[in-house]
Amino acid sequence: MSERQIIENIRKGAYEQAFSEIAQAYSERLYWHVRRYTCSHEDADDLVQDIFMKVWNALPSFQCNSSVYTWLYRIATNEALNYIRKNKFKAMLQAQTLETILNNKIDEDPYFNGDDMQRELHKAINALPVKQKTVFLMRYFDELPYEDISEITGTSVGALKASYHFAYNKIKEKLQKIF
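In this text, all values refer to a predicted model and were calculated from it rather than measured experimentally.

J.: I'm lost on the overall build of the protein in this one. Help?
T.: Each helix and strand in the protein was counted, giving nine helices and zero strands. Starting at the N terminus, the α and β elements of the protein follow one another as α-α-α-α-α-α-α-α-α. The dimensions of the protein, computed from C-alpha atoms along their principal axes, are 55 × 35 × 30 Å. Within the protein, buried positions represent 46% of all 179 residues. Taking the intrachain contacts of the protein between residues at least 6 apart in sequence as the baseline, contacts between residues at least 24 apart amount to 61%. One finds the centroid of the 23 positive side-chain charges in the protein at a distance of 7 Å from the centroid of its 24 negative side-chain charges.

J.: Please explain a nonpolar patch on the surface as it appears in this structure.
T.: Taken together, the side chains of Phe-89, Met-92 and Leu-93 make up a nonpolar region of the molecular surface, amounting to roughly 370 Å² of accessible area. Note that Met-92 resides in helix H4 (residues 68–93).

J.: Please clarify how the environment of Ile-125 should be interpreted in this entry.
T.: Position of Ile-125 among the secondary structure elements: in helix H6 (residues 116–126). Residue classification places Ile-125 among the buried positions, given a relative accessible area of 1%. Spatially, the C-alpha atom of Ile-125 lies 8.1 Å from that of Phe-136, the residues being 11 residues apart in sequence.

J.: Please explain the nonpolar core as it appears in this structure.
T.: Across soluble globular proteins, you tend to see nonpolar side chains buried next to one another. Counting residues in hydrophobic clusters, the biggest one holds 52 residues, and the most contacted among them are Ile-22, Tyr-26, Leu-30, Val-34, Val-68, Leu-72 and Ile-171. Considering every element that reaches this core, the biggest residue donor is H4, with 11 residues. Excluding residues that lie within four positions of it along the chain, Leu-72 makes contacts with Ile-22, Tyr-26, Leu-30 and Val-55.

Cut-offs and rules
Throughout, a residue's number is its position along its own chain's written sequence, starting from 1. Under the rules for a predicted model, residues below a pLDDT of 70 receive no local features and side-chain atom pairs below 80 are neither given nor counted, while totals for whole chains, interfaces and linings still include all residues. As a rule here, side-chain values come from all non-hydrogen atoms in the structure, and water together with hydrogens is ignored. In this text, helices come from DSSP runs of H or I with a minimum length of four residues, and strands from runs of E with a minimum of two, each type numbered from the N-terminal end. Burial here depends on accessible area, computed with a 1.4 Å probe over protein chains only, as a share of the maximum for the residue type. Under 20% is buried, over 50% is exposed, and the range in between is partly exposed. Whether two residues touch is decided by their heavy atoms; if any such pair falls within 4.5 Å, the residues are in contact. The sign given to each residue is positive for Lys and Arg and negative for Asp and Glu; His and the chain ends receive no count. Charged side chains are reduced to one point each, which is NZ for Lys, CZ for Arg, CG for Asp and CD for Glu. Within this analysis, patches are made of residues with over 30% relative accessible area and no salt bridge. Like charges are joined at 9 Å or less; nonpolar side chains (Val, Leu, Ile, Met, Phe, Trp, Tyr) at 5 Å or less. Computed with a 1.4 Å probe, the accessible areas rest on the Shrake-Rupley method; for each residue, only the protein chains presented here act as cover. Salt bridges are counted wherever a side-chain nitrogen of Lys or Arg sits within 4 Å of a carboxyl oxygen of Asp or Glu. For the purposes of this section, nonpolar cores are sets of buried Ala, Val, Leu, Ile, Met, Phe, Trp, Tyr and Cys residues that join through side-chain atoms within 4.5 Å.

This is the structure:
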C-alpha cells in the first residue's frame, strides 16, 4: 500500500482501512526500530502494541502535514524514549545502570540471532547518550536521511550530523578495544 493511498483514506475518514494499511506496511519496521531501544523481543512487542494504540487514537487528528512514516517514527521514537526513561528509573531503584540492564537483555534474549560482533555493537550503542543513540539507530539501521530524522526528532540536520559523528567514533573506539 502506498503512502498516498493511506493519506487518501485518512482524508476521506476511512480510518479502519488506513489503520490496516499502516499496520501492514509499517509494523515490522517499527518493531525493529523499538527493539533496538528495548533489546528484548517481548518488550518490543508490547511497545509496538502501545504505539499502534496511539496511532489509532491519533489517526483522526493526523493533518497529513508530514509523511505517514515520519509521523509513525515520531510516535515510535517517543514511546521508545519513554521506555528508556522508565527503565532508567527502575535501574536506579535496583542500583544498576540502564546500560547493564539492556546489555543483560541482549545476552539473555533467546531471539537474538547475531554473532559476537553484532552483540558487542548493540552493547556499544547502549553506552551512548540517548540523543546520540537515537540518531545512530535511525541513520545506521533504518537508513533514514538526516532531513527525516530532523523532522522526527525536532533537531537540526547539523546537530544530527554531529551527534552521529560522535556516536560513530565512540562505537568504533569501543569495538576496536574488544576486537
